[in-house]
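Each chain is listed here by its residues.
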Amino acid sequence: MTVHADFTSQAYFRNPTAEIEKLRAAGPVVEVRFPLVGTVWTTTTQDLANQVLRDSGTFTLRKDDGDVVGFRWWMPKIVRTVANNMLSADEPDHTRLRSIVDEAFRRQAVLEMEPRILAIAGELADGLFAEGNPSDLVDRYARKLPLSVICELLGLPLADRPKFTAWASGFTRFTSAFGFLTVVPKIFAMKSYMEERRAARETGGEGLIAELVRVEEEGGRISRDEMVAMLFLLLFAGHETTTHLISGSVHELLRNPGLRDWREEDWSRREPRR
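Quick summary incoming for the structure in this document. Everything numeric here is computed off the predicted structure, so don't read it as measured data. (Residues numbered from 1 in each chain as written. Predicted model: local features only at pLDDT ≥ 70, side-chain atom pairs only at ≥ 80, totals over all residues. Heavy atoms only, no water.)

Scanning the protein chain from terminus to terminus reveals 14 helices and three strands. Expressed as a percentage of the 274 residues in the protein chain, the buried residues total 34%. For the protein chain, the share of sequence-separated contacts (at least 6 apart) that also reach a separation of at least 24 residues comes to 55%. A total accessible area of about 16,900 Å² is found for the protein chain, and carbon and sulfur atoms account for 56% of it. (Helix = DSSP H or I, 4+ residues; strand = E, 2+ residues; numbered from the N terminus. Buried < 20%, exposed > 50% of the residue type's maximum accessible area, 1.4 Å probe, protein only. Contact = heavy atoms within 4.5 Å. Areas by Shrake-Rupley, 256 points an atom, 1.4 Å probe, with all protein chains shown as cover.)

Structure below.
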C-alpha cells in the first residue's frame, strides 16, 4: 500500500506529528512518495529504523553500479559528487569517513565552543530586537545562528561568511525538479569555494577544513571529492535541523502560554541538562 504523504505540504509543515502518525497507523514499513526521489519504502518506528541502518549485510544505500539510490537521470553529476558522503556510504566506508570528524563533535569539543556560540546568539538577538516589530525570526536568527557556528567550526574567514550563508540559505527551499535545478549553480559555486579553502589550508590554519586537509595529507583516508561532500553534509545536517529546532521551539512557546510562563517563573529551567 502506498501512503500519499506530502512532505512539502503546508499541512505537514504546520503539524508534522499528525502526518507522521498517519504513516505509523499504516504499518511498520510503508511505501511513500518523497519529493524528487519518488516512491520509496520507509520505516515508521525507531527500533526498525535502527535495525535497517545497522544491517549493512541486508540493506544497502548503493545500486549495483555504485550510484547512490534515489538519483534520477536528469540530476547533474555535481549533485552525485556532493551526495557521495558518509550518510550514503555502506561499511566500511561509513566508519572510515565518520571517524575523521568524530573528534570535532565530541562532547568536550562542543562544550569548549559554548562561550563563542552564546556570544554569537547574543549578538544576533540584539540585532533582532533592535530591528523592532515585525521581524523575521527564521531568517534573522534561527537560520543565521547555526550557519554562523558552522562557519566558525569550518574556520571560514569573516569576510566570506555573508556569501557562504547566502548560498546555504536557498538549498532547502524547493519542492519541485525545477526548483531543485535552480540551486545547482549555488552548488557549483560552493564546491569551487570549498576547493579553494582546501587549497588555502594546505599551508596551515585552524578549523575543520584545516583538519580534513591534514588527514588527507597524512594518511589519505579521505579523497578530495569526499572532503567536499563531507563539508556539504556538515553544512546541511548542521544548520537546517537547528533552524527548525529554534523556530519550532518559539512556535510552541507562543502556542502554549502555560509552558512559557513556567519557564519565565524560573529562568534556570532554560539551562540544558548535562
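In this section: the environment of Val68. On the secondary structure map, Val68 appears in the loop between helix H3 (46-54) and helix H4 (77-83). Relative accessible area serves as the criterion here: at 12%, Val68 is assigned to the buried category. As a C-alpha pair, Val68 and Arg80 span 12 residues in sequence and 7.7 Å in three-dimensional space. Contact partners of Val68, with chain neighbours within four places excluded, come to Leu61, Arg62, Lys63, Ala83 and Ser88.

Packed helices, taken two at a time, are described by their axes: the angle between them and the distance between them. Look at helix H8 (residues 144-154) against helix H13 (residues 224-255): their axes get within 8 Å of each other, and the N-to-C directions meet at 150 degrees. Here H13 runs roughly antiparallel to H8, going by the angle between their axes. At the point where H8 passes H13, the crossing takes the right-handed sense. Here Leu145, Pro146, Leu147, Ile150 and Leu154 of H8 lie close against H13, whose contacting residues are Leu231, Leu234, Leu235, Gly238, His239, Thr242, Thr243 and Ile246. Residues belonging to the contact of H8 with H13 are distributed by class as follows: nine nonpolar, four polar and no charged. (Axes fitted to C-alpha atoms, helices over the stretch in contact; angles between N-to-C directions. Parallel < 35°, antiparallel > 145°, perpendicular 65-115°, else oblique. Left-handed = near helix turned anticlockwise from the far one by under 90°. Nonpolar A, V, L, I, M, F, W, Y, C, P; charged D, E, K, R; others polar.)

On to the nonpolar core. Judged by nonpolar contacts, the single largest core of 35 residues is most densely connected at Leu154, Phe164, Leu212, Ile222 and Met230. For this core, the element with the most residues is H13, which contributes eight residues. Excluding anything up to four places from it in sequence, Ile222 contacts Arg96, Leu97, Ile100, Leu212, Val215, Glu216, Met227 and Met230. Ala121, Ala125, Tyr141 and Ala142 belong to the second largest nonpolar core, which has 10 residues in total. (Core = buried A, V, L, I, M, F, W, Y, C linked by side-chain atoms within 4.5 Å.)

What follows covers the side chain of Ser247. Tracing the chain through its elements places Ser247 in helix H13. Here Ser247 falls in the buried class, since its relative accessible area comes to 18%. Not counting chain neighbours up to four residues away, the residues in contact with Ser247 comprise Leu137, Val138 and Ala142.

It is worth spelling out the environment of Arg161 at this point. Mapped onto the elements, Arg161 comes out in helix H9 (residues 161-169). Measuring from C-alpha to C-alpha, the distance between Arg161 and Cys151 comes to 6.8 Å, with 10 residues separating the pair along the chain. Dropping the residues within four chain positions of it, Arg161 is found in contact with Ser148, Cys151, Glu152 and Leu156.

In this section: unusual backbone geometry. For the bond from Glu91 to Pro92, the omega torsion is 5 degrees, close enough to zero to count as cis. Looking at the secondary structure, you find Pro92 in the loop between H4 and helix H5 (93-102).

Put simply, H13 and helix H14 (residues 257-265) touch, their axes get as near as 5 Å, and they point 100 degrees apart. Taken as axis vectors, H13 and H14 run roughly perpendicular relative to one another. Where H13 abuts H14, its residues Leu253, Leu254 and Arg255 lie against Pro257, Leu259, Arg260 and Arg263. Counted by class, the contact of H13 with H14 contains four nonpolar, no polar and three charged residues.

Another point: the environment of Thr45. Here Thr45 lies in the loop between strand S3 (38-43) and H3. Given a relative accessible area of 37%, Thr45 falls into the partly exposed group. Residues Thr45 and Arg24 lie 21 residues apart in sequence; the distance between their C-alpha atoms is 7.4 Å.

What follows covers the pattern of salt bridges. Tallied over the entire structure, the rule returns 11 salt bridges. Measuring nitrogen to oxygen at the nearest pair gives 3.2 Å for the salt bridge that ties Arg96 to Asp93. Placement of both Arg96 and Asp93 in helix H5 is noted, with a separation of three residues, approximately one turn of the helix. Judged by its relative accessible area of 24%, Arg96 falls in the partly exposed class. Several salt bridges share partner residues, and in doing so they unite Asp93, Arg96 and Glu226 into one network. (Salt bridge = Lys/Arg side-chain N within 4 Å of Asp/Glu carboxyl O.)

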